[in-house]
Amino acid sequence: MDRQPPTTGDTLRRSERQKAIDAFAASHLPGPDQDLYKEMLVTLCRLARDNPDRGDVKLLNKALAELRYAFRVFAPYRHIRKISIFGSSRTPENHPDYQAAVAFARLMGQNNWMVITGAGDGIMKAGHHGAGRKASFGVAIRLPAEQKTNTIIADDEKLVNFRYFFTRKLIFIKEASAVALFPGGFGTQDEGFEVMTLVQTGKAPMIPIVLVEHPGGTYWLQWRAYVAAELLRSGMIGEQDMDLFTITDDVEKAARIVCEFYRVYHSMRYVGPELVLRLERPLSPPTLGRLNEEFSDILTGGRIEQCEPLPGENGECPGKPRLKFAFDRKSTGRLRRLIDVINSDPGAEPVALRGVF
C-alpha cells in the first residue's frame, strides 16, 4: 500500500513535537549523547502514535529499565576484562566438571579477569567459587522453577536480575571479552550457538571462545562430531567456522588461550569500509609481511597496513597503534587465525599465567 504524503497539519505537528523534544533535551538531557536521547524520544512518540498493545509497551519499558540498570552496574568495571562462563545449573559440586570450572575461574581471577555467570548453582556457582565474590558478576533470570541465586553472589551489588532472556543474553556478550562453555543443557547450547553466530556474522567483535570440561570428558568432543557430521558436511557452515572455538579438557590451556588472545591484539571496530584492529604495540615488519602474504584472500582490496587512530573512531583507545584493511566481512574464522598470527609476533612478551601450579 502506498504511503500518503504528509499533510500540512502533519508537518506542523512534527515541528511542534521536535521543538518540545529539543527544549526537554536542553534542560534534562545534557552531554555529548543528547542527539541519541532525542532520537529515542522521537521513537517513543512514534510508538504512542502507533497505538500498540499494552503488553508490548510493558515489554519495551521493562527491557529498557533492565538494560539501564545493568549498564550502571557494569560501568565502574568497564576497563577490566571479563569472561562469561556458561554451563549447567544442575552440575553437583562433587562433579569433576564443577571442579574444573572452579579451577578455570580461579586462574582467570588470578590473571586479573572478572567472571560473569548466570548466578545460579552448578557451573555458575563454580565460576563464582573460583573467581571469588569480589571478582564476580551475576546476571540472574527470573524463572518459575529451578533457577535461584547462588550463595556466593546473593545480595552482591554486582548481581543483576532479569525478566527477559534476550536482555540478559545481550549483557552476557556485550560485557565479555571472552566466553567459556562447560557442559550443560538446552540453555548452555543456546548460549554457545548464539555467541558463535554473533561472532560468525560480525554482529559481535571477535573474542576467544573455549569449550571446556574435566580431563577425559567427551561432552564437547561428541558435540564437535555432530557439528562436523551434520552442519559442516552439509555445507550449513564453512570449514573456517570451526576455527571460531577451541575444545579442551585442560583448564590451564583454556585460560592461556583466553589470555594470549590479548597478548598483542586489543580490540576492533569498523570505520567506514575498513576494519581497524587496535594493538598493544606496533607489529614487526616480518609479521606485517606475513599477514599480507597469508591473509590476502580475506581482503576486498588493498593491503593490511599499520596506521594511526582514524578520525571515525571518535577518540577510542588513544595511543594504541592500529592495523587497517578492507575486510570482506564474512571470513571470520580466517580473521580469528589472523589475530593468532598478530599475537605470535616475536617481539611480544610471553604470557605467564599467574596461579599455574
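This text goes with the structure placed above it.
Fair warning: this is a prediction, and the values are worked out from it, not measured in the lab.

A. Representation of the sheet that holds strand β4 (residues 159-162) within the structure. Spatially, seven strands are ordered β4-β3-β2-β1-β5-β6-β7 in an open sheet, and the strand pairing comes out parallel. The two strands at the open ends of the sheet, each matched to only one other strand, are β4 and β7 (246-248). Across the sheet, the axes of successive neighbouring strands diverge by a mean angle of 20 degrees, strand direction being ignored. Pairing geometry for strand β3 (residues 136-141) and β4, over four bridges, is parallel. When the sheet's bridge partners are listed, Gly 138 is paired in β4 with Leu 159. Running at roughly 175 degrees to strand β1 (residues 82-86), helix α4 (residues 96-110) makes contact with β1, β2 (114-117), β5 (178-181) and β6 (209-212) of the sheet. Packing of helix α9 (residues 251-260) onto the sheet brings it into contact with β1, β5, β6 and β7, and relative to β6 it is tilted by some 175 degrees.

B. Highlighting the layout of surface pockets. Estimates place the volume of the largest pocket at around 1,100 Å³. In terms of lining, the largest pocket is formed by 32 residues, of which the most central are Lys 174, Glu 175, Ala 176, Ser 177 and Pro 205. The set of elements that each furnish at least two residues to the lining of the largest pocket consists of α3 (54-74), α6 (165-174), α7 (186-200) and β8 (265-271). The class makeup of the residues in the lining of the largest pocket is 17 nonpolar, four polar and eleven charged. What the second largest pocket holds in volume is close to 760 Å³. What lines the second largest pocket is a set of 20 residues, and nearest its centre among them are Tyr 37, Met 40, Leu 44, Leu 64 and Arg 68. Here the lining of the second largest pocket takes nine residues from α3, the largest share from any one element.

C. Seen up close, the nonpolar core. Ranked by internal contacts, the top residues of the largest apolar core, which has 86 residues, are Ile 83, Phe 104, Leu 277, Phe 325 and Leu 338. Here this core takes eight residues from α4, the largest share from any one element. Residues within four places of Ile 83 in sequence aside, it is in contact with Phe 104, Met 108, Trp 113, Met 114, Val 115, Ile 116, Ala 178, Val 179, Ala 180 and Val 258.

D. Representation of empty space enclosed by the protein in the model. Taken as a whole and judged by the stated rule, the model has three cavities of 30 Å³ or more. Taken as a whole, the largest cavity encloses approximately 70 Å³ of empty space. The wall of the largest cavity is formed by Val 199, Thr 201, Gly 202, Ala 204, Pro 205, Met 206, Met 268, Tyr 270, Phe 327, Arg 329, Thr 332 and Leu 335. Listing elements by their share of the lining of the largest cavity, those giving two or more residues are β8 and α11 (332-343). Taken together, the residues that form the lining of the largest cavity break down as eight nonpolar, three polar and one charged. There is about 40 Å³ of room inside the second largest cavity.

E. Summary view of the packing of aromatic side chains. This structure, assessed with the given rule, holds 14 aromatic pairs. With centroids separated by 4.7 Å and ring planes inclined at 65 degrees, the aromatic side chains of Phe 86 and Phe 172 adopt a geometry described as edge-to-face. Of this pair, Phe 86 sits in strand β1 while Phe 172 is found in helix α6, placing the two residues 86 residues apart along the sequence. Judged by its relative accessible area of 1%, Phe 172 falls in the buried class. Geometrically, the ring pair formed by Phe 261 and Tyr 265 is edge-to-face, given 5.2 Å between the ring centres and 70 degrees between the ring planes. Accessibility assignment for this pair places Phe 261 and Tyr 265 in one class, buried. In this structure an aromatic cluster arises from ring pairing among Phe 193, Tyr 219, Trp 220, Trp 223 and Phe 245.

F. The packing of α4 against α9, seen in detail. As a packed pair, α4 and α9 sit with axes 9 Å apart at the nearest point and diverge in direction by 35 degrees. Our pair here, α4 against α9, has a crossing hand that is right-handed. From α4, Ala 100, Ala 103, Phe 104, Leu 107 and Met 108 reach across to α9, where they touch Val 251, Glu 252, Ala 254, Ala 255, Val 258 and Cys 259.

G. Representation of the pattern of salt bridges within the structure. A complete count under the given rule lists 23 salt bridges for this structure. Its salt-bridge partner being Glu 191, residue Arg 168 comes within 3.9 Å of it at the nearest N-O pair. Here Arg 168 is found in helix α6, whereas its partner Glu 191 is found in helix α7, with 23 residues between them in sequence. Assessed through its relative accessible area of 5%, Arg 168 is described here as buried. Given the relative accessible area of 13%, Glu 191 is considered buried. Close ionic contact of Glu 175 with Lys 174 constitutes a salt bridge, the shortest N to O distance being 2.8 Å. By relative accessible area, Glu 175 is classed as buried at 11%. A cluster of three or more residues bridged by salt bridges with shared partners is formed by Arg 269, Arg 278, Glu 313, Glu 316 and Arg 322.

H. How the structure looks around a nonpolar patch on the surface. Residues Tyr 37, Met 40 and Leu 64 make up a contiguous nonpolar surface patch of roughly 290 Å² in combined accessible area. Residue placement: Leu 64 occurs in helix α3.

I. Structural detail: the packing of α4 against helix α5 (residues 123-131). Packing of α4 against α5 brings their axes to within 7 Å, and their N-to-C directions diverge by 40 degrees. In terms of axis orientation, α4 runs oblique to α5. In this structure, the crossing between α4 and α5 has a hand that is right-handed. Within the contact between the two elements, α4 uses Asp 97, Tyr 98, Ala 101, Val 102, Ala 105 and Arg 106 and α5 uses Ile 123, Lys 125, Ala 126, Gly 127, His 129, Gly 130 and Ala 131.

Rules used in this analysis
Residues numbered from 1 in each chain as written. Predicted model: local features only at pLDDT ≥ 70, side-chain atom pairs only at ≥ 80, totals over all residues. Heavy atoms only, no water. Pairing = 2+ DSSP bridges. Helix = DSSP H or I, 4+ residues; strand = E, 2+ residues; numbered from the N terminus. Axes fitted to C-alpha atoms, helices over the stretch in contact; angles between N-to-C directions. Contact = heavy atoms within 4.5 Å. 1 Å grid on protein atoms, 1.4 Å probe; cavity = no way out; pocket = protein on both sides within 12 Å on 5 of 7 lines; lining within 4 Å. Points joined across faces, edges and corners; volume = space filled by probe spheres on them. Nonpolar A, V, L, I, M, F, W, Y, C, P; charged D, E, K, R; others polar. Core = buried A, V, L, I, M, F, W, Y, C linked by side-chain atoms within 4.5 Å. Buried < 20%, exposed > 50% of the residue type's maximum accessible area, 1.4 Å probe, protein only. Phe/Tyr/Trp six-rings, centres within 6.5 Å; stacked < 30°, edge-to-face > 60°. Left-handed = near helix turned anticlockwise from the far one by under 90°. Salt bridge = Lys/Arg side-chain N within 4 Å of Asp/Glu carboxyl O. Patch = residues over 30% accessible without salt bridge, like charges linked within 9 Å, V, L, I, M, F, W, Y side chains within 5 Å. Areas by Shrake-Rupley, 256 points an atom, 1.4 Å probe, with all protein chains shown as cover. Parallel < 35°, antiparallel > 145°, perpendicular 65-115°, else oblique.

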